[in-house]
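# A closer look at the structure
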Amino acid sequence: MISERDKQASFTQFFETVYRSDHRHPINLALHIIGVVAGLAVIAASLTVWPLWTALLFPAVHVAPGLLGHRLFDRDDAVGDVRVTRTDYPLWWFLIANHIMAARVLTFRW
């Protein structure tokens, strides 16, 4: 069984090596941040002023700008353009890493 410490070390290693190396182009970074902010705005609006079912738009709103960024600016033929089909790391790690990256860029710590 993997301990929580090992899981954290694995995620940290993934974030610092794999995730950061896949996100080098500044326009790709900007598109990822737009996706994170837009996705969180959809969730907030769905919980307050929009009908609750509109929260189902979160995945598309959150992911689409980043996929566009990879398609146009940070291509990787080994991984492919549809990165949501990656199986080399847990899918939720990419979601968390996306939010960490956005927070770091927006606070000038990238």
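Note that this is a predicted model, so its numbers are computed, not measured.

## With respect to the overall build of the protein chain
Per the secondary structure count, the protein chain includes four helices and zero strands. When its helices and strands are written in sequence order, the protein chain yields α-α-α-α. Classification of the 110 residues of the protein chain by burial places 31% in the buried group. The long-range share in the protein chain, meaning contacts at least 24 apart out of those at least 6 apart in sequence, stands at 65%. Of the roughly 7,100 Å² of accessible surface on the protein chain, 68% is carried by carbon and sulfur atoms.

## Section: the environment of Ala41
Among the structural elements, Ala41 can be located in helix α2 (residues 26-48). Through-space distance from the C-alpha of Ala41 to that of His62 is 9.7 Å; in sequence the pair is 21 residues apart.

## Here's the deal with the packing of aromatic side chains
Under the defined criterion, the tally for this structure stands at eleven aromatic pairs. Summarising the aromatic geometry, the rings of Phe11 and Phe14 are spaced 5.9 Å apart at their centres and angled 45° between planes, so their arrangement reads as tilted. Residue Phe11 and its partner Phe14 are located together in helix α1 (residues 4-21), separated by three residues, close to a single helical turn. Looking at Phe11, the relative accessible area reads 10%, which means it is buried. Taken together, a centroid distance of 6.1 Å and an interplanar angle of 85° make the contact between Trp92 and Trp93 edge-to-face. Grouping aromatic residues by their ring pairs yields a cluster made of Phe11, Phe14, Phe15, Tyr19, Tyr89, Trp92, Trp93, Phe94 and Trp110. A cation over an aromatic ring shows up here: Arg20 above the ring of Trp110, its NZ or CZ 4.1 Å from the ring centre.

## What about α2?
Given a rise of 1.5 Å per residue, 23 residues ought to cover 33 Å, and the 33 Å separating the end C-alpha atoms of α2 matches this to within 8%. Those residues of α2 that fall on the buried side of the exposure criterion are Asn28, Leu29, Leu31, His32, Ile33, Gly35, Val36, Gly39, Val42, Ala45 and Ser46.

## Here we look at the packing of α2 against helix α4 (residues 91-106)
Closest axis-to-axis distance for the α2/α4 pair is 9 Å, and the angle between their directions is 110°. Judged on the interaxial angle alone, α4 and α2 are roughly perpendicular. Contact residues: α2 offers Leu29, His32, Ile33, Val36 and Leu40, while α4 offers Asn98, His99, Met101, Ala102, Val105 and Leu106. Along the lines of polarity and charge, the residues of the contact of α2 with α4 split into eight nonpolar, three polar and no charged.

What counts as what
Residues numbered from 1 in each chain as written. Predicted model: local features only at pLDDT ≥ 70, side-chain atom pairs only at ≥ 80, totals over all residues. Heavy atoms only, no water. Helix = DSSP H or I, 4+ residues; strand = E, 2+ residues; numbered from the N terminus. Buried < 20%, exposed > 50% of the residue type's maximum accessible area, 1.4 Å probe, protein only. Contact = heavy atoms within 4.5 Å. Areas by Shrake-Rupley, 256 points an atom, 1.4 Å probe, with all protein chains shown as cover. Phe/Tyr/Trp six-rings, centres within 6.5 Å; stacked < 30°, edge-to-face > 60°. Lys NZ or Arg CZ within 6 Å of the ring centre and 35° of its normal. Expected span 1.5 Å × (residues − 1). Axes fitted to C-alpha atoms, helices over the stretch in contact; angles between N-to-C directions. Parallel < 35°, antiparallel > 145°, perpendicular 65-115°, else oblique. Nonpolar A, V, L, I, M, F, W, Y, C, P; charged D, E, K, R; others polar.

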